[in-house]
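# Geometric and topological summary
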Amino acid sequence: MQKTIVSLAALAAVGAAGFFYLTRPQPFDTDAMNGLVGDAEKGELVFHASGCASCHMAPGTEDEEMAKILKGGLKFASEFGTFYAPNISPDPEQGIGSWSALDLANAMLRGVDTAGEHLYPAFPYASYRNTTLQDVADLYAYMMTLPADQTPSVPHELSFPFNLRFTLGAWKLMFVTDKWVVDGDLNESEQRGRYLVEVLGHCGECHTPRNVLGGMKRGDWLAGGIDPTGLVEFPALTPDKFTWSETDIAYYLRSGFTPDYDSVGGEMVHVVDNYSHLTNSDREAVAAYLMRVPAAN
Amino acid sequence: MFTSRALALGALTLALGLSPVFAEQIDPRDTAITARQALMNLYSFNLAPLVEMDKGTIPYDGVVATAAAANIMALSMLDQTSIWIEGSDHGYLESSNTLPTIWAEDSYLSGKVKGMVNTSVQLHDTVGNGIDALQTAVVKLNKSCNACHVYTIENTN
């Protein structure tokens with residue numbers, strides 16, 4: 001009897017240790033980005049394609065110059081509490097001016113900050129996971145050319161237990177994967193489109209429905225979502241509901257006008273602002289990829 | 001052409017300004033929403049040839065483009081004071097796409113209405129100068145639409 005209790009306790013200890021081991025923050029090896037040289041000009045395109053400014057610009061930002069000041073402060077409501085986007089300007093104290101490109105890669109792809117702690121998935125690293133490290137090097141080079149700002153970041157307002165960062169490891173284990181959603185025989189443009197939609201553009205973060213724990217239901221990819229306030233619906237981009245032509249999609253991403261001459265609205269305004277900076281061939285790649293997305297279940 | 005435009009504008013002015021006066025039993029928010037939707041539909045109707053030329057689905061025609069832009073300019077210059085009544089939003093009437101945040105202090109609604117006038121005038125002045133000028137002006141105009149459209153939702157009601 002005594003023995004069973006002891007071995008159960010031992011098992012529990014091993015289990016807990018195993019849990020902590022499996023859910024520990026997992027940054028890259030320190031030499032992962034050795035030899036990569038960043039190109040700021042290319043990084044500007046990565047910056048637009050991945051929409052960093054849409055979340056990290058100041059509230060009330062009205063123009064493109066202001067959108068380059070990544071002082072944070074925008075508010076994101078969720079079932080778990082309210083998140084505030086932090087300052088990621090190159091200010092060494094309040095922003096990320098003292099970070100290396102590898103630190104940025106750890107945050108963006110692995111959801112781990114410089115203190116080695118898990119970041120919240122309100123920062124869409126579950127999507128950014130497959131960003132190439134060369135793109136991170138370029139992005140980093142570009143971000144360091146942006147204006148520094150000394151506004152301190154606003155702390156999140158989260159309830160217990162969501163305020164405990166170590167719990168996020170389990171979330172990552174369940175919902176973060178290296179696998180593509182749309183797989184199979186894709187041509188070059190469709191593959192580029194997949195990288196833009198599934199990874200950099202993090203389109204699924206809005207357009208895919210979520211489960212109760214806030215993970216994207218990858219089996220219902222781009223089948224339409226709803227924001228946590230329940231007010232804003234994100235339209236489906238699956239072929240059963242969404243029937244725009246490739247030309248119409250690429251045109252919308254360049255100009256903001258829909259096939260029935262309406263203007264883009266809501267948060268999609270920022271996505272179009274960003275994608276209007278990309279090349280025609282990238283916008284066409286997004287459209288080509290969307291044609292390959294399967295119908296919703 | 002001129003008479004029908006004058007008529008349409010006259011009807012719109014009526015919808016925008018006068019109806020709440022002689023239909024007092026109707027909540028002014030309802031008429032404001034109807035008038036706003038009418039205004040947006042007229043924008044959209046006149047945008048059609050510009051968008052199709054920009055997209056390349058119809059050939060560029062400077063005269064047609066300038067005429068459409070003249071209408072958009074005229075629409076942008078209507079006095080909109082009485083159609084942006086605070087509270088006439090999606091929460092009040094489901095068929096409205098407008099979110100209440102459009103009236104928040106930092107949204108500067110009146111500044112946005114002026115911005116639309118400026119880009120519409122630019123549109124009218126430049127769309128006759130060739131397809132490149134049209135493409136630039138149409139995208140610029142969209143930015144003015146979006147200054148307000150960030151406060152709207154996709155609405156299936």
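Preceding this section is the structure that the text describes.
Residues numbered from 1 in each chain as written. Chains lettered and ligands numbered in written order. Predicted model: local features only at pLDDT ≥ 70, side-chain atom pairs only at ≥ 80, totals over all residues. Heavy atoms only, no water.

### Considering the overall build of chain B
Looking only at helices and strands, chain B features five helices and zero strands. Helices (α) and strands (β) of chain B occur, in sequence order from the N terminus, as α-α-α-α-α. For chain B, with 157 residues in total, the buried portion stands at 43%. Entry remark: accessible area of chain B is about 8,000 Å², with carbon and sulfur atoms responsible for 63%. (Helix = DSSP H or I, 4+ residues; strand = E, 2+ residues; numbered from the N terminus. Buried < 20%, exposed > 50% of the residue type's maximum accessible area, 1.4 Å probe, protein only. Areas by Shrake-Rupley, 256 points an atom, 1.4 Å probe, with all protein chains shown as cover.)

### Structural notes on the overall build of chain A
Counting secondary structure elements, chain A contains 12 helices and five strands. In terms of overall dimensions, chain A is globule-like: its C-alpha atoms have a radius of gyration of 20 Å, near the 19 Å expected for 297 residues. The C-alpha extent of chain A, read off along each of the three principal axes, is 75 × 45 × 40 Å. Each of the 297 residues in chain A was classed as buried or not, and the buried ones make up 46%. Restricting the contact set of chain A to residue pairs at least 6 apart, pairs at least 24 apart contribute 63%. For chain A, the accessible surface area stands at approximately 14,800 Å², while carbon and sulfur atoms represent 57% of it. (Rg over C-alpha atoms; globule rule 2.2 N^0.38 Å. Contact = heavy atoms within 4.5 Å.)

### A word on helix 2 (residues 28-55) of chain B
All names here are of chain B. Here helix 2 is 28 residues long and its end C-alpha atoms lie 39 Å apart, about the 40 Å a rise of 1.5 Å per residue gives. The largest bend in helix 2 is about 40°, located at L47, with the proline P49 one to four residues further on. Sitting at the head of helix 2, D27 places a side-chain oxygen 2.8 Å from the backbone nitrogen of R29. Positive phi appears at G56, one or two residues downstream of helix 2, with a value of about 90°. (Expected span 1.5 Å × (residues − 1). Bend = angle between axes of the 7 residues up to and from the residue. Polar contact = N/O pair within 3.5 Å; in protein donor to acceptor, adjacent residues only side chain to side chain.)

### Focus on the sheet that holds strand 3 (residues 157-158) of chain A
All names here are of chain A. The three strands are arranged 1-2-3 in an open sheet whose pairing can be described as antiparallel. What marks the edges here is a single partner per strand, and that holds for strand 1 (75-78) and strand 3. Relative to strand 3, strand 2 (residues 81-84) is paired through two bridges, and the arrangement is antiparallel. Bridge pairing links T82 to E157 in strand 3. (Pairing = 2+ DSSP bridges.)

### Re unusual backbone geometry
Residue and element names in this part refer to chain A. Put simply, F160 and P161 share a cis peptide bond, and its omega is 5°. As for its placement among the helices and strands, P161 is situated in the loop between strand 3 and helix 7 (168-175). Its identity as a non-glycine residue notwithstanding, L222 has a phi of 60°, on the positive side. On the basis of relative accessibility, which here comes to 0%, the residue L222 falls in the buried class. Positive phi is not limited to glycine here, since Y261 has a value of about 65°. The residue Y261 is located in the loop between helix 10 (246-255) and helix 11 (268-275) in this model.

### A closer look at the side chain of B:S44
Mapped onto the elements, B:S44 comes out in helix 2. Given the relative accessible area of 15%, B:S44 is considered buried. Only 3.3 Å separates the side chain of B:S44 from the backbone oxygen of A:Y261, close enough to count as a polar contact. Residue contacts for B:S44: discarding those within four places in its chain leaves A:D260 and A:Y261.

### A closer look at the interface of chain B and chain A
Taken together, the 25 residues of chain B in the interface contact 24 residues of chain A. Taking both sides of the interface into account, the surface hidden between chain B and chain A amounts to around 2,100 Å²; carbon and sulfur atoms contribute 56%. If you look at where chain B meets chain A, you find four salt bridges. Notably, a salt bridge pairs B:K55 with A:D248, separated by 2.7 Å at the nearest N-O pair. Where chain B packs against chain A, one counts 14 residue pairs in polar contact (both at pLDDT 80 or more). At nine residues, the largest contribution of residues to the side of chain B that touches chain A is made by helix 5 (residues 131-149) of chain B. (Buried area = accessible area lost by both parts, 1.4 Å probe. Salt bridge = Lys/Arg side-chain N within 4 Å of Asp/Glu carboxyl O.)

### A closer look at the nonpolar core
The nonpolar side chains of a soluble globular protein tend to be buried with one another. Residues and elements named next belong to chain A. Counting 58 residues, the largest nonpolar core has F47, L139, M143, L222, Y289 and L290 as the members making the most contacts within it. In terms of residue count, the dominant contributor to this core is helix 4 (residues 101-110) (seven residues). When we break this core down by domain, the ones giving at least three residues each are domain 1 (30-175) and domain 2 (188-290). (Core = buried A, V, L, I, M, F, W, Y, C linked by side-chain atoms within 4.5 Å. Domains from an automatic or database assignment.)

### Describing the pairing of strand 1 of chain A
All names here are of chain A. In this structure, strand 1 lies alongside strand 2, joined through four bridges in antiparallel fashion. Following the sheet pairing, K75 is matched in strand 2 by Y84. Hairpin connection from strand 1 to strand 2: two residues lie between these consecutive antiparallel strands.

### Structural notes on the packing of helix 10 of chain A against helix 5 of chain B
One way to put it is that helix 10 of chain A packs onto helix 5 of chain B with a least axis distance of 9 Å and a crossing angle of 70°. In terms of orientation, helix 10 of chain A and helix 5 of chain B fall into the roughly perpendicular class. Across the interface between the two elements, A:Y251, A:R254 and A:S255 of helix 10 of chain A pack against B:Q135, B:V138, B:V139 and B:N142 of helix 5 of chain B. Classifying every residue of the contact of helix 10 of chain A with helix 5 of chain B gives three nonpolar, three polar and one charged. (Axes fitted to C-alpha atoms, helices over the stretch in contact; angles between N-to-C directions. Parallel < 35°, antiparallel > 145°, perpendicular 65-115°, else oblique. Nonpolar A, V, L, I, M, F, W, Y, C, P; charged D, E, K, R; others polar.)

### Observations regarding the pattern of salt bridges
Counted under the stated rule, the structure contains 11 salt bridges over all chains. Its salt-bridge partner being A:D183, residue A:R194 comes within 3.6 Å of it at the nearest N-O pair. Note that A:R194 is positioned in helix 8 (residues 188-200) and A:D183 in the loop between helix 7 and helix 8, a separation of 11 residues in sequence. According to the relative accessible area criterion, A:D183 is exposed, its value standing at 56%. With a closest N to O distance of 2.9 Å, B:R29 and B:D27 form a salt bridge. Judged by its relative accessible area of 24%, B:D27 is partly exposed.

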